[in-house]
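Understanding the architecture of this molecule
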Amino acid sequence: MGLPNIVTREEWLGARQELLAREKAAIRARDALNAQRRELPMVEIEKLYVFEGPDGKSELLDLFEGRPQLIVYHFMFGPDQDAGCPDCSAFIDQIGHLSHLRARGTEFAAVSRAPFTKLLPFKARMGWTVPWYSSATSDFNQDFGFAADEEPRDLPGLSCFLRDGDRVYHTYSTTGRGLDGIGSMTSLLDLTALGRQEEWEEPVGRASALGAPAGGARVRYHDEYPD
């Protein structure tokens, strides 16, 4: 096995400083890429999508729970399966307390094609509190490119939506390696049209215009955010 070379502390510090310069360049490039993502145009969702959840039938607008933004995880769990995808399950395992997203006007939910009666016992087994809805009676996953009826085949992915009043817009989707490193509060917000809602982000003022906290919500303990 080829382990890292053994060097002195001084040699390690020199190599670490060289790598640190490249890491900082990568962070600046990531910030620029996130800004470009926020400048993407959006598409209004005019089709009616009906989901089944804990409160019965819901439309896409309902999944926002009154917040300006919604992030949907397309969870691979087909109608003929009895358990969810292990990779998708590992992704949901790493999602933190949703109060941090919600304090920034962003809701998170998982959507699968399996009927809700199959989602409930698996959700209980996994111990998840993330909202999870069934799209079994609609072609939501298919329309956004995360399911194909002809195979049939599901794909994992994330889709972001923005709400302006009762009008809903699709702003972004990603799958495959685009999911790498996603799961933290900031990594999820970076995919959205409103971003982290911090003062240094462009475009300025967008978040507050849609009712999200101006200048970003101060990070608190998850049980200390206002309702």
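See above for the structure.
These lines cover the structure that appears in this document, whether it is placed above or below. Quantities reported herein were computed from a predicted structural model and do not represent experimental measurements.

In this section: a negative patch on the surface. On the surface, Asp55, Glu59, Asp62 and Glu65 cluster together into a patch of negative charge. Residue position: glutamate 65 is located in the loop between β3 (56-59) and β4 (69-74).

Of all hydrophobic cores here, the largest spans 28 residues; its most connected members are Tyr73, Phe75, Ile92, Phe108 and Leu158. The residues contacting phenylalanine 75, other than those within four sequence positions of it, are Gly84, Cys85, Cys88, Ser89, Ile92, Ala110, Val111, Ser112, Phe122, Trp128 and Trp132. One finds Leu63, Leu70, Ala109 and Phe140 within the second-largest nonpolar core, a separate group that totals 16 residues.

This brings us to helix α2 (residues 86-93). Looking at α2, one finds that the buried residues are Cys88, Ser89, Phe91 and Ile92. All buried residues of α2 lie within an arc of 155 degrees about the axis, which places them on one face of the element. α2 presents Pro86, Asp87 and Asp93 as exposed residues on the side facing more than 90 degrees away from its buried surface. Against β4, β5 (106-112), α4 (116-126) and β9 (157-164) lie the buried residues of α2.

What follows deals with unusual backbone geometry. Here the residue pair glutamate 202 and proline 203 is connected by a cis peptide bond, since its omega of -5 degrees sits within 30 degrees of zero. Residue position: proline 203 is located in the loop between α6 (185-189) and α7 (206-209). If you check the backbone angles, glutamate 65 has positive phi at about 55 degrees while not being a glycine. The exposure class assigned to glutamate 65 is partly exposed, which follows from its relative accessible area of 48%.

So, about the side chain of histidine 170. Mapped onto the elements, histidine 170 comes out in strand β10 (residues 167-174). In terms of polar contacts, histidine 170 uses its side chain to reach the backbone carbonyl oxygen of tyrosine 172, at 3.2 Å. Filtering out sequence-adjacent residues up to four positions away, histidine 170 remains in contact with Met42, Val43, Ile45, Phe144, Ser159, Cys160 and Phe161.

Turning next to the pairing of β9. Counting buried positions along β9 yields seven of eight residues, so the element is predominantly enclosed. As defined by bridge partners, β4 adjoins β9 across six bridges and the pair is classed as antiparallel. Note on β9: the bridge partner recorded for isoleucine 71 is cysteine 160. Strand direction decides the pairing type here: β9 and β10, joined by seven bridges, are antiparallel.

Reading the values: the criteria
- Note on numbering: residues in each chain are counted from 1, in written sequence order.
- pLDDT decides what is reported in this predicted model: residues at 70 or higher carry local features, side-chain atom pairs at 80 or more are listed and counted, and totals for whole chains, interfaces and linings draw on all residues regardless.
- Just so you know, side-chain values use all the structure's heavy atoms and leave hydrogens and water out.
- Every patch collects residues that have over 30% relative accessible area and no salt bridge, joining them within 9 Å if they carry like charges and within 5 Å if they are nonpolar side chains (Val, Leu, Ile, Met, Phe, Trp, Tyr).
- Here, Shrake-Rupley sampling with a 1.4 Å probe gives the accessible areas, and only protein chains in the shown set may cover a residue.
- Whenever Lys or Arg places a side-chain nitrogen within 4 Å of a carboxyl oxygen from Asp or Glu, that contact is recorded as a salt bridge.
- By the counting scheme adopted, Arg and Lys are positive, Glu and Asp are negative, and His together with the chain ends is not counted.
- We put the charge of a Lys on NZ, of an Arg on CZ, of an Asp on CG and of a Glu on CD.
- The helix count covers DSSP runs of H or I at least four residues long, the strand count covers runs of E at least two residues long, and both are numbered beginning at the N terminus.
- For this analysis, a nonpolar core means a set of buried residues of the types Ala, Val, Leu, Ile, Met, Phe, Trp, Tyr and Cys, connected via side-chain atoms within 4.5 Å.
- Only protein chains enter the area calculation, which uses a 1.4 Å probe; residues under 20% of their type maximum are buried, those over 50% are exposed, and those in between are partly exposed.
- Contacts: residue pairs with any heavy atoms within 4.5 Å of one another.
- The directions from the helix axis to the C-beta atoms are what the arc is built from.
- Counting of polar contacts relies on pairs of N or O atoms within 3.5 Å, with two restrictions inside protein: one atom must be capable of donating a hydrogen and the other of accepting it, and residues adjacent in sequence are counted only when both atoms are side-chain atoms.
- Should DSSP find at least two bridges between two strands, the strands are regarded as paired.

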